[in-house]
Amino acid sequence: MNIKRGDNEIVIGNPGLKATTSHNLDLSTEYYWKSVGLVSAGIFYKHIEGFIVNEVAFNREYEGHLWTKLTQPKNGGNANILGAEIALQRDFGFISPALKCIGLYGTYTYTFSRITDFSFEGRENEKGLSLPGSPAHTANISLYFEKFGLSARASFNYASDFLDEMGASRFYDRYYDAVKYMDFNIAYTFGKKTKFTVYADCTNLLNQPLRYYQGSKDFTMQQEYYGIKLNGGVKVTF
């Protein structure tokens, strides 16, 4: 139990929760090049029973007190997920041997999900809801360089918005907005018996905010900026 007296909000547990179960079916294929690298593709299906999601209720009484906001995990019902994914990892040595130190890694996943047997009181007949915590699109791509003890990597990650918490109606559902992250990492290692590594990490180059919205993207619930983060140092290995 977590109580915020100033906001008159409470988060409670649920001893009646049932474990979530899943039946999965996956089909994939992979191709490996003679040099380091592969390409893969796959499809998957999941039937999930008793998924768990936080239910948010407003002006709800609990233990003799009327709370402005009450949050509790509940079994929301069942869901079906159908998706496809592709992945590629390859250095550029096939263009020229001199480019073998440069490579590319990328993945993309598409997920389609639908809730069935929705068990929230007052919302049993709703259709077309996606599974909470399941973005439709996720992707990442990395370009890397590794040679002469120098290692550098630039990465980009994307995830579309997704349902995060459920309320008394669609209007009160909370969504986690789409995110785009870009990071850069570089390190140089030298030494024989004792190795020294000088490194620097630069994350969140796009200053991606953390944002939740209620029901529609037009209604911002929470938005936080954390800025670009720089981290560096020296590691010694004996």
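Whatever comes next refers back to the structure up there.
So, a few notes on the structure that sits alongside this text. Model, not experiment: these values are computed from the prediction.

Conventions we followed
Residues numbered from 1 in each chain as written. Predicted model: local features only at pLDDT ≥ 70, side-chain atom pairs only at ≥ 80, totals over all residues. Heavy atoms only, no water. Helix = DSSP H or I, 4+ residues; strand = E, 2+ residues; numbered from the N terminus. Rg over C-alpha atoms; globule rule 2.2 N^0.38 Å. Buried < 20%, exposed > 50% of the residue type's maximum accessible area, 1.4 Å probe, protein only. Contact = heavy atoms within 4.5 Å. Areas by Shrake-Rupley, 256 points an atom, 1.4 Å probe, with all protein chains shown as cover. Polar contact = N/O pair within 3.5 Å; in protein donor to acceptor, adjacent residues only side chain to side chain. Pairing = 2+ DSSP bridges. Core = buried A, V, L, I, M, F, W, Y, C linked by side-chain atoms within 4.5 Å. Phe/Tyr/Trp six-rings, centres within 6.5 Å; stacked < 30°, edge-to-face > 60°. Salt bridge = Lys/Arg side-chain N within 4 Å of Asp/Glu carboxyl O.

## Here we look at the overall build of the protein
Move 1: Helix and strand content of the protein: zero helices and 15 strands.
Move 2: Scaling as 2.2 N^0.38, a compact globule of 238 residues should have a C-alpha radius of gyration of about 18 Å, whereas the protein reaches 23 Å, well beyond that.
Move 3: Seen along its three principal axes, the alpha-carbon backbone of the protein occupies a region of about 70 × 45 × 35 Å.
Move 4: Taking all 238 residues of the protein together, the buried fraction comes to 31%.
Move 5: In the protein, 60% of the contacts between residues at least 6 apart in sequence involve partners at least 24 apart.
Move 6: If you sum the accessible surface of the protein, you get close to 14800 Å²; carbon and sulfur atoms cover 57% of it.

## Some words on the side chain of Gln 208
Move 1: As for its placement among the helices and strands, Gln 208 is situated in the loop between β12 (195-203) and β13 (210-214).
Move 2: By relative accessible area, Gln 208 is classed as buried at 12%.
Move 3: Within the structure, the side chain of Gln 208 is placed 2.9 Å from the backbone nitrogen of Lys 180, a separation counted as a polar contact.

## A word on the pairing of strand β6 (residues 102-116)
Move 1: Pairing of strand β5 (residues 65-91) with β6 involves 14 bridges; the strand directions are antiparallel. Paired with Ile 86 across the two strands is Tyr 108, which belongs to β6.
Move 2: Judged from the nine bridges that link them, β6 and strand β7 (residues 137-147) form a sheet pairing that is antiparallel. From the neighbouring strand, Tyr 108 faces β7, where its bridge partner is Ala 139.

## Comments concerning the nonpolar core
It is characteristic of soluble globular proteins that their nonpolar side chains tend to be buried jointly.
Move 1: If you look at the biggest cluster of nonpolar residues, it comprises 15 residues, and the most contacted ones within it are Phe 51, Ile 115, Phe 118, Leu 131 and Met 166.
Move 2: Counting residues per element, this core draws most heavily on strand β4 (residues 37-62), at four residues.
Move 3: Beyond its immediate stretch of four places on either side in the chain, Met 166 contacts Val 53, Asn 54, Glu 55, Val 56, Ile 115, Phe 118, Phe 120, Arg 123, Leu 129, Pro 132 and Asp 173.
Move 4: In terms of nonpolar packing, the next biggest core, distinct from the first, is built from six residues, Ala 159, Val 179, Leu 210 and Tyr 212 among them.

## Some details on the environment of Gln 208
Move 1: The spacing of Gln 208 and Tyr 181 is 27 residues in sequence and 6.4 Å in space, taken between C-alpha atoms.
Move 2: Those residues in contact with Gln 208 that lie beyond four places of it in its chain are Ala 178, Val 179, Lys 180 and Tyr 181.

## As for the packing of aromatic side chains
Move 1: All told, the structure shown has nine aromatic pairs when counted by the stated rule.
Move 2: Look at Tyr 31 and Trp 33: their rings are 5.7 Å apart centre to centre, the planes differ by 90°, and that puts the pair in the edge-to-face class.
Move 3: On the numbers, 5.1 Å between centres and 85° between planes, the contact of Phe 171 with Tyr 172 is edge-to-face.
Move 4: For Phe 171, a relative accessible area of 43% corresponds to the partly exposed category.
Move 5: When its relative accessible area of 35% is taken as the criterion, Tyr 172 is described as partly exposed.
Move 6: Connected via pairs of aromatic rings, a cluster forms that spans Phe 58, Phe 171, Tyr 172 and Phe 219.

## Focus: the side chain of Ser 40
Move 1: Residue position: Ser 40 is located in strand β4.
Move 2: Judged by relative accessible area, which is 18%, Ser 40 ranks as buried.
Move 3: The contact partners of Ser 40, leaving out residues within four places of it in the chain, are Thr 29, Glu 30, Glu 85, Ile 86 and Ala 87.

## As for the pattern of salt bridges
Oppositely charged side chains are able to pair whenever their charged atoms sit close together.
Move 1: By the definition in use, this model includes nine salt bridges.
Move 2: A salt bridge links Arg 211 to Asp 177; the nearest nitrogen and oxygen atoms lie 2.7 Å apart. Of this pair, Arg 211 sits in strand β13 while Asp 177 sits in the loop between β10 (174-176) and β11 (179-190), placing them 34 residues apart in sequence. As far as burial versus exposure is concerned, Arg 211 and Asp 177 are alike and both buried.
Move 3: Three or more residues joined by partner-sharing salt bridges are found here, namely Arg 123, Glu 126, Arg 170 and Asp 173.

## Structural notes on the environment of Val 198
Move 1: Within the secondary structure, Val 198 sits in strand β12.
Move 2: Under the relative-accessibility criterion, Val 198 is labelled partly exposed at 40%.
Move 3: Dropping the residues within four chain positions of it, Val 198 is found in contact with Ile 186, Ala 187, Tyr 188, Phe 190, Gly 233 and Val 234.

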